[in-house]
Amino acid sequence: MMIELAFKRLPHGTGIEPPRYESKGAAGADIRAAIDEELVLQPGERALVPSGFSFAVPQDYEMQIRPRSGLAALHGVTVLNTPGTVDSDYRGEVKIILINLGAEAFRLQRGDRIAQAVVAPVTRASYVEVADLEATVRGEGGFGSTGV
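Looking at an unreviewed UniProt entry, the chain carries the name Deoxyuridine 5'-triphosphate nucleotidohydrolase, with the source organism given as Fulvimarina pelagi HTCC2506. Regarding the chain, the relevant UniProt record gives this comment under Pathway (unreviewed entry): "Pyrimidine metabolism; dUMP biosynthesis; dUMP from dCTP (dUTP route): step 2/2." Looking at the Cofactor (unreviewed entry) heading of the UniProt record, one finds this comment for the chain: "Mg(2+)".

**Overview of the packing of aromatic side chains**
Given two aromatic rings, one states the distance between the centres and the angle between the planes to describe the pair. Counted under the stated rule, the structure contains three aromatic pairs. Taken together, a centroid distance of 5.3 Å and an interplanar angle of 85° make the contact between F7 and F53 edge-to-face. Taken as a pair, F7 in strand β1 (residues 6–9) and F53 in strand β4 (residues 46–56) lie far apart in primary sequence, 46 residues in all. Residue F7 is classed as partly exposed on the basis of its relative accessible area of 41%. Residue class for F53 comes out buried when judged on its relative accessible area of 2%. Note on F7 and F55: the rings are 6.4 Å apart at their centroids and 50° apart in plane angle, and the pair reads as tilted.

**Notes on the UniProt feature "binding site: substrate" (unreviewed entry) in the chain**
Mapped onto the present numbering, the UniProt feature "binding site: substrate" (unreviewed entry) falls at R68, S69, G70, N81, T85, V86 and D87. A maximum C-alpha distance of 26.3 Å among these annotated residues, which run over 20 residues, shows that they spread across the structure rather than meeting at one spot. Position of S69 relative to the elements: it lies in helix α1 (residues 69–75). Since its relative accessible area comes to 61%, S69 is described here as exposed. Following the sequence through the fold, T85 ends up in strand β7 (residues 84–86). For T85, the residues in contact, after removing those within four places along its chain, are E62 and M63.

**Remarks on the sheet that holds strand β2 (residues 29–32)**
Taking strand neighbours across the sheet as the criterion, the four strands line up as β2-β10-β5-β7 in an open arrangement whose pairing is antiparallel. Two strands close off the open sheet at either side, each with one partner strand: β2 and β7. Averaged over neighbouring strand pairs, the angle between their axes works out to 35° when direction is ignored. As judged from the six bridges shared by strand β5 (residues 61–66) and strand β10 (residues 113–121), these two strands associate in the antiparallel manner. Bridging across to β10, Y61 finds its partner in P121.

How each quantity is defined
- Residues numbered from 1 in each chain as written.
- Predicted model: local features only at pLDDT ≥ 70, side-chain atom pairs only at ≥ 80, totals over all residues.
- Heavy atoms only, no water.
- UniProt positions renumbered as here; feature names shortened; annotations may be inferred.
- Phe/Tyr/Trp six-rings, centres within 6.5 Å; stacked < 30°, edge-to-face > 60°.
- Helix = DSSP H or I, 4+ residues; strand = E, 2+ residues; numbered from the N terminus.
- Buried < 20%, exposed > 50% of the residue type's maximum accessible area, 1.4 Å probe, protein only.
- Contact = heavy atoms within 4.5 Å.
- Pairing = 2+ DSSP bridges.
- Axes fitted to C-alpha atoms, helices over the stretch in contact; angles between N-to-C directions.

Shown next as structure tokens:
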């Protein structure tokens, strides 16, 4: 399924490629860093990295910001609030909170692919307070209760 998603290029996004699917079967479109100069993330350090774009996510959809597996596996760099959510009524710049969980400094250049955007439908719930919940076999078991 394909939907149309309008975006606005911000002044510091000039020359930055808009989000793009890198393969035919990709679920996420890569987002690039709209930084002016090299950014070095030391181990344990985090940074709010601009994308250079704002988006008009359609009503009843969200844009999820997710890590890129290559950055995580090769460098220990990931998106801190995973997945980040861009709501349909937000019109500000999308920025990515990157953190370096690796053992070495990570160098980020302008235009580097830093995250991926997945656009997904949103189901909203009507929360209803009840006295008791329906029983299940699992019950209140959690945090490893079904095995490792």
